[in-house]
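Per-entry structural report
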Amino acid sequence: MTTKIILDVDTGTDDAVALMVAALSPDIELIGATTVNGNTAVHFCTENTLRVFDWIGLPDIPVHQGMSRPLARAQMTQINPASRIHGDLLDLPEARTATLQPGHGVDWLIDTYLASDGDITLVPVGPLTNIATAIQKEPAILEKIPEIVIMGGAHDHGNSTASAEFNIWLDPEAARIVVNCGRPIRMVPLDATHRALVSLDDCRALRALGTPAGEAAARFIEKRIDGYDSTQPMHRAGAAPVHDALAVCAVIDPTVITTHFIPVDVETGGELSIGRTVCDFRFRSGRPANVQFAMDADEPMFVRMLTEILGRTA
Ligand code: BDR
Ligand code: CA
């Protein structure tokens, strides 16, 4: 049985791999993508998303552009340390056939959920601005969302700051609304994505698949490895996380991550810890668990899934 999903993206290099996995997996029906300010300005994220769908021969998947800045904070994209890992425009030909759909992404999310049978999993892999705005504008969508699978958060260490992960840090107020929305939530944080690295050897195998998706994924992940090796080295050189793709793989097969059902909230008021996902592993807060928070991932399984799915063509 396939799982219907909507992917909310700020398309840089790992979002691009996530989009290709979602679009090509036989286990997923990708209803559409919404774009949000994040890795770069939203119009670049939109163009990048269209480029990806054109490149893999699926230009008809609807793409809707969403929010261009965080809910309450000044635009902070320009100090994203990840810029070397993404850049503004993906190294793919300009989109020609895939076109941006009319209407705002937030309105499309609301209309699509209200009209649905409550069977579309929401998969945000960028800052949570679109999702929080949709919830605020039309809370009735909540009962139509069966699960939200988020790439974001960090318990052990952050990447934007010592304690905050980029997607949550860029729009902490939005993240706080979403993690407290009352629907089932799975979070795929850095604690999991940093345990599932993709190596230069894996990139060679992806390129050898000879498919557009395999070739593009190899190119993007090699760029990521170069950026990680020079700016945020992982526990081994020549390998990098592909965060957003792990979240999509967790939708396809939940056993690729290991989760703990715990109370999680987002720091919005601290001086040093803005955007921290506060994980209450010992239930000190007296609050009920609200998030399945992933602390580990199966690297060989993740790489196997990428290789199988990206070997497919439209
Ligand atoms: C997240 O931040 C972005 O740079 C990536 O696309 C990913 O969604 C990782 O912290
Ligand atoms: Ca992302």
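As the structure is a computational prediction, the values presented were derived from the model and not from experiment. (Residues numbered from 1 in each chain as written. Chains lettered and ligands numbered in written order. Predicted model: local features only at pLDDT ≥ 70, side-chain atom pairs only at ≥ 80, totals over all residues. Heavy atoms only, no water.)

**Topic: the site of ligand 1**
Stated precisely, the cut-off is as follows: Here, proximity means that at least one heavy atom of the residue falls within 4 Å of the molecule or strand. For the purposes of these results, a polar contact is taken to be a pair of N or O atoms within 3.5 Å, where, inside protein, one atom must be able to donate a hydrogen and its partner to accept one; residues adjacent in sequence count only when each atom of the pair is a side-chain atom. Note on areas: Shrake-Rupley with a 1.4 Å probe; residue coverage comes only from the protein chains shown. The helix and strand labels rest on DSSP assignments: H or I over at least four residues marks a helix, E over at least two residues marks a strand, and numbering proceeds from the N terminus. Each residue is assigned to one class: nonpolar for Ala, Val, Leu, Ile, Met, Phe, Trp, Tyr, Cys and Pro, charged for Asp, Glu, Lys and Arg, and polar for all the others, Gly among them.
Neighbouring ligand 1 are 13 residues, the closest being Asp14, Asn39, Asn159, Glu165 and Asp244. Within the side chain of Asn39, a nitrogen or oxygen atom sits 2.6 Å from an oxygen atom of ligand 1. The side chain of Asp244 places a nitrogen or oxygen atom 2.6 Å from an oxygen atom of ligand 1. Contact with the protein chains removes 97% of the 290 Å² of surface that ligand 1 exposes when unbound. At the level of elements, α1 (13-24), α6 (166-170) and α11 (243-252) are the ones that each hand at least two residues to the shell around ligand 1. Of the residues contributing to the shell around ligand 1, the split by class is four nonpolar, five polar and four charged.

**Observations regarding the pairing of strand β1 (residues 3-9)**
Quick reminder of the rule: Throughout this description, buried means an accessible area under 20% of the type-specific maximum (1.4 Å probe, protein chains only), exposed means over 50%, and partly exposed covers the range between. If DSSP finds at least two bridges between two strands, the strands pair.
Most of β1 sits inside the fold, with five of its seven residues counted as buried. Looking at chain direction, β1 and strand β4 (residues 120-124) are connected through five bridges and run parallel. When the sheet's bridge partners are listed, Ile6 is paired in β4 with Leu122.

**A few points about the pattern of salt bridges**
When their charged atoms lie close together, side chains carrying opposite charge are able to pair. Inclusion rule: The salt bridge definition used is simple: a Lys or Arg side-chain nitrogen within 4 Å of an Asp or Glu carboxyl oxygen.
Scanning all chains against the criterion turns up 14 salt bridges. Of the charged contacts in the structure, one is a salt bridge between Glu47 and Arg51, with a shortest N-O distance of 2.7 Å. A residue pair is termed a helical-turn pair when its members lie 3 or 4 positions apart in one helix, as Glu47 and Arg51 do in helix α2 (residues 42-55) at four residues. Each member of the pair, Glu47 as well as Arg51, is classed as buried. The partner of Arg236 in a salt bridge is Glu299, and the shortest N-O contact between them spans 3.1 Å. Of the two residues, Arg236 sits in the loop between α10 (212-231) and β8 (239-241) while Glu299 sits in helix α12 (residues 299-310), which places them 63 residues apart along the sequence.

**Quick word on the side chain of Thr112**
Basically, it comes down to this: By definition, residues are in contact when any of their heavy atoms lie within 4.5 Å.
Its location among the elements puts Thr112 in helix α4 (residues 105-115). Ignoring sequence-local partners within four residues, the contact set of Thr112 consists of Ile6, Ile31 and Ile120.

**Focus: the nonpolar core**
Note the following rule: Working definition of a nonpolar core: buried Ala, Val, Leu, Ile, Met, Phe, Trp, Tyr and Cys residues. They are joined through side-chain atoms within 4.5 Å.
Leu7, Val17, Phe53 and Phe302 are the most contacted members of the largest nonpolar core, which has 70 residues in total. Counting residues per element, this core draws most heavily on α1, at nine residues. If we skip the residues at most four places from it in the chain, Leu7 touches Ala18, Leu19, Ala22, Leu30, Gly32, Ala33, Thr34, Val123, Val125 and Val248. Counting residues in each nonpolar core, the second largest holds 33 residues, with Trp108, Ile141, Leu142 and Ile148 among its members.

**Brief notes about the coordination of the calcium ion (ligand 2)**
Spelled out, the test is: Only nitrogen, oxygen and sulfur atoms within 2.8 Å of the metal, or 3.2 Å for Na, K and Ca, are treated as donors, and water is left out, so sites may look incomplete.
The protein atoms that coordinate the calcium ion (ligand 2) are Asp10 (OD), Asp15 (OD), Asp15 (OD), Val125 (O) and Asp244 (OD), at distances spanning 2.3 to 2.8 Å. Spacing between the donor residues of the calcium ion (ligand 2) along their common chain follows D-x4-D-x109-V-x118-D. You can see Asp15 sitting in helix α1 and its partner Asp244 sitting in helix α11, a full 229 residues away along the chain. This pair shows no difference in class: Asp15 is buried, exactly as Asp244 is.

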